[in-house]
Amino acid sequence: VLAVPVLFKQALENTEMEEGKSVSLRCELTKADATVVWKKGEAPLQASAKYEMKQKGTVAELVIHNAEPEDA
């Protein structure tokens, strides 16, 4: 059985943020409920009060609360 790779149907777009506010980053995948790992540089992000990860079907979303310039 050949596994079909998961691809981006809609990639992340650059998003401007306002310091101290929340910002949402979304991407759409070709396969529902695929495993998504969000990273900052090479470091995987963990769910916390600052980082909220959501996934519904083919859409994966990262919400960054209390955004700071370092989150760029």
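Reading the values: the criteria
- Residues numbered from 1 in each chain as written.
- Predicted model: local features only at pLDDT ≥ 70, side-chain atom pairs only at ≥ 80, totals over all residues.
- Heavy atoms only, no water.
- UniProt positions renumbered as here; feature names shortened; annotations may be inferred.
- Helix = DSSP H or I, 4+ residues; strand = E, 2+ residues; numbered from the N terminus.
- Contact = heavy atoms within 4.5 Å.

- As named in an unreviewed UniProt entry, the protein is OBSCN protein, taken from Corythaixoides concolor.
- Taken from UniProt, the Subcellular location (unreviewed entry) comment for the protein reads in full: "Cytoplasm".

Thoughts on the side chain of Asp71
No. 1: Along the polypeptide, Asp71 turns up in the segment after strand E6 (59-64).
No. 2: Those residues within four positions of Asp71 in sequence are excluded, and the remaining contacts are Met17, Lys40, Lys50, Tyr51, Ile64 and Asn66.

Let's talk about the environment of Cys27
No. 1: Along the chain, Cys27 falls in strand E2 (residues 23-29).
No. 2: If we skip the residues at most four places from it in the chain, Cys27 touches Phe8, Gln10, Ala11, Leu12, Trp38, Thr58, Val59 and Ala60.

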